[in-house]
Amino acid sequence: MAPALTKEQQDELRQIANAIVANGKGILAADESTGTIGKRFAGIGVENNETNRRDYRELLFSLDKEAGIGNYIGGCILFEETLFQKGADGTPLVQLLQEHNIIPGIKVDKGVVPLPGTDGETVTQGIDGLGERCAKYKAGGAQFAKWRAVLKISDNGPSELAIQENAYTLARYATICQQHGLVPIVEPEVLCDGTHTLERCQEVSERVFAAVYKACLDHNLYLEGSLLKPNMVTPGMQCPVKATPEQVACATVTALSRTVPPAVVGVTFLSGGQSEEAASQNLNAINNFGDKARKPWALSFSYGRALQASVLKAWQGKLENVPAAQNELRKRAYANHMACLGKYHGDIEGASAGDSLFIANHQY
């Protein structure tokens, strides 16, 4: 067994986790890999090179203090390149986040690989050398980490093997992170691809979340210094029967209440291909659902596409569009902050607010 965390380590992890989701704050997921950001750039006709990637991330992190982005965003997940990158004037990009009191985080997994013995299912790789990478990232300013596991609903899936392998790997990653002072975000994503119903997604999500926390407890994870990043419970994107935000909220909160320990600090939902507006409306409904005493965690967001689609559309790779693009980020961040408080009324428009952001078999 790994050495137990000291009280000082526990206190640091708990304080970081709580700060990320305090007062209706959430997470900006800006950890797209070089390949994935290239696909985003291709949609607006921007070349995928280091300078353009730097300029875009600098745009996201350099809003005026008056915009108050630090009141809405508590943490930002970075790709490794960005963690050590400097802006056009030489200022480290991490410093730009810190000036807004936004806590820097880092994607630490190495993507998914086929899981032998299954019908096309996957497991996430990256455990080898993770401790050394965590130490380097902590020294570089990161305070939390993210690792994504992917499970897909099919007629007979996900298999028990895929669930257990991904649960074990998530738990192993999380304990390694805590040993090196990084708060782990545990991300078991049940993909929205498919024709499955809301009820089927709830059933699978409960199986997955339960397995993940059984593995976390077996690995002695310090739950009070961790966050969960799950899918919302929704019908498959190709399901003919759609769900209202209230139905999504009921299924999601029920699944969480049956499987996620109250000691977990916060649940920071992924957007999973929902439109910007749908991601906000569903989060708002989740925070308004049922008895607050039965929802012991902060219910927040960790959105990538659902915070950035309008930003990219407004930016178009042009310097003169930076203020307009930053305003789109401010609007979506504020919308989701209000949704965390259960006070979002659907009255904030964006350049891509209603556009579908679904990508089949999405990879970061």
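Sequence positions are assigned chain by chain, starting from 1 and proceeding in written order. Local features are withheld for residues below a pLDDT of 70 in this predicted model, meaning they are given only at 70 or higher, and side-chain atom pairs are given and counted only at 80 or more; totals for whole chains, interfaces and linings count all residues. Just so you know, side-chain values use all the structure's heavy atoms and leave hydrogens and water out.

### So, the overall build of the chain
- A run of H or I in DSSP becomes a helix once it reaches four residues, and a run of E becomes a strand once it reaches two; helices and strands are each numbered from the N terminus. The helix and strand inventory of the chain stands at 12 helices and 10 strands.
- Taken over C-alpha atoms, the radius of gyration is set against a globule rule of 2.2 Å times the number of residues to the power 0.38. The globule rule puts the C-alpha radius of gyration for 364 residues at 21 Å, and the 19 Å found for the chain is close to it.
- Principal axes of the C-alpha set define a box for the chain whose edges measure 50 × 50 × 40 Å.
- Across the 364 residues that make up the chain, the buried fraction comes to 60%.
- If you take every contact in the chain between residues at least 6 apart in sequence, the share linking residues at least 24 apart comes to 80%.
- A total accessible area of about 14,500 Å² is found for the chain, and carbon and sulfur atoms account for 50% of it.
- Two residue types count as positive, namely Lys and Arg, and two as negative, namely Asp and Glu; His and chain ends fall outside the count. Charged side chains are reduced to one point each, which is NZ for Lys, CZ for Arg, CG for Asp and CD for Glu. Of the side chains in the chain, 35 bear a positive and 40 a negative charge, and the two mean positions are spaced by 1 Å. Think of it in three bands: with a 1.4 Å probe and only protein chains considered, a residue is buried below 20% of the maximum accessible area for its type, exposed above 50%, and partly exposed in between. Throughout, a contact is declared for two residues whenever any of their heavy atoms are within 4.5 Å. Here the open area of atoms and residues is found with the Shrake-Rupley method and a 1.4 Å probe, where only the protein chains shown may cover a residue.

### Some remarks on the side chain of His100
- On the secondary structure map, His100 appears in the loop between helix H5 (93-99) and strand S3 (103-107).
- Judged by its relative accessible area of 9%, His100 is buried.
- Excluding anything up to four places from it in sequence, His100 contacts Phe61, Ser62, Leu63, Asp64, Lys65, Ile69 and Gly70.

### Considering the pattern of salt bridges
- By definition here, a salt bridge exists when the distance from a side-chain nitrogen of Lys or Arg to a carboxyl oxygen of Asp or Glu is within 4 Å. Considering all chains together, one arrives at 18 salt bridges under this definition.
- We note a salt bridge from Asp11 to Lys7, for which the minimum N-O separation is 2.8 Å. Within this pair, Asp11 and its partner Lys7 are both found in helix H1 (residues 7-20), separated by 4 residues, close to a single helical turn.
- For Glu80, the salt bridge identified is with Lys136, shortest N-O distance 2.8 Å. Highlighted residues: Glu80 in helix H4 (residues 80-83) and Lys136 in helix H6 (residues 130-139), separated in sequence by 56 residues.
- The class of Glu80 is partly exposed, set by a relative accessible area of 25%.
- Where salt bridges share partners, they join Asp31, Lys146, Arg148, Glu187 and Glu189 into one cluster.

### Considerations on the packing of helix H11 (residues 305-315) against helix H12 (residues 322-340)
- Under this scheme, a helix contributes an axis fitted over its contacting stretch, all axes are lines through C-alpha atoms, and angles between N-to-C directions fall in the 0 to 180 degree range. Contact pair H11 / H12: the axes reach a minimum separation of 8 Å and the direction vectors enclose 160 degrees. As far as their axial angle goes, H12 and H11 are roughly antiparallel. The handedness of the crossing between H11 and H12 is right-handed. Side by side, H11 and H12 meet where Ala306, Leu307, Ser310, Val311, Ala314 and Trp315 of the first sit next to Val322, Ala324, Ala325, Glu328, Leu329, Arg332, Ala333 and Asn336 of the second.
- In this count, Pro and Cys sit with the nonpolar residues alongside Ala, Val, Leu, Ile, Met, Phe, Trp and Tyr, while Asp, Glu, Lys and Arg are called charged and the others, Gly among them, polar. Counted by class, the contact of H11 with H12 contains 10 nonpolar, 2 polar and 2 charged residues. Throughout, the term roughly parallel applies to angles under 35 degrees, roughly antiparallel to angles over 145, roughly perpendicular to angles from 65 to 115, and oblique to all others. Note: crossing handedness is left-handed where the near helix turns anticlockwise from the far helix by less than a right angle, and right-handed where it turns clockwise.

### Re the packing of aromatic side chains
- Whether two aromatic rings pair depends on their centres lying within 6.5 Å, for rings of Phe, Tyr and Trp, where Trp uses its six-membered ring; planes under 30 degrees apart make the pair stacked, over 60 edge-to-face, and the rest tilted. Tallied over the entire structure, the rule returns 6 aromatic pairs.
- The interplanar angle of 40 degrees and the centroid separation of 5.5 Å between the aromatic rings of Phe301 and Tyr303 together place this pair among those described as tilted. One exposure class covers both Phe301 and Tyr303, and it is buried.
- Joined through ring pairs, the aromatic side chains of Phe41, Tyr56 and Trp315 make up one cluster.

### Describing the environment of Leu182
- Secondary-structure assignment places Leu182 in the loop between helix H7 (160-179) and strand S7 (183-190).
- Residue class for Leu182 comes out buried when judged on its relative accessible area of 0%.
- In this view, Leu182 contacts Leu13, Cys134, Lys138, Ala142, Gln143, Phe144, Ala145 and Cys177; residues no more than four positions away in its chain are not counted.

### Details of the nonpolar core
- Residues Leu60, Phe61, Tyr173, Leu227, Leu256 and Trp315 are the most contacted members of the largest nonpolar core, which totals 113 residues.
- The dominant element in this core, judged by the number of residues it contributes, is helix H8 (residues 198-218), at 10 residues.
- Dropping the residues within four chain positions of it, Tyr173 is found in contact with Val108, Ile127, Leu130, Ala145, Lys146, Trp147, Pro184 and Ile185. Here the nonpolar core consists of buried residues drawn from Ala, Val, Leu, Ile, Met, Phe, Trp, Tyr and Cys, with membership extended through side-chain atoms lying within 4.5 Å.

### Digging into the pairing of S7
- Burial analysis of S7 places 8 of its 8 residues in the buried class, which makes it a mostly covered element.
- Here the rule is simple: two strands pair whenever DSSP picks up at least two bridges between them. Across 8 bridges, the pairing between strand S6 (residues 144-151) and S7 is parallel. Within S7, the residue paired with Leu151 across the bridge is Val190.
- Whether a crossover is right-handed comes down to one check: with the strands pointing away from the viewer, does the path from the first strand over the helix to the second run clockwise; if it does, it is right-handed. Remark: the S6/H7/S7 crossover connection has right-handed handedness.
- The β-α-β motif built from S7, the intervening H8 and the parallel element strand S8 (residues 227-228) has right-handed crossover chirality.

Distances and angles like these do not, on their own, reveal function.
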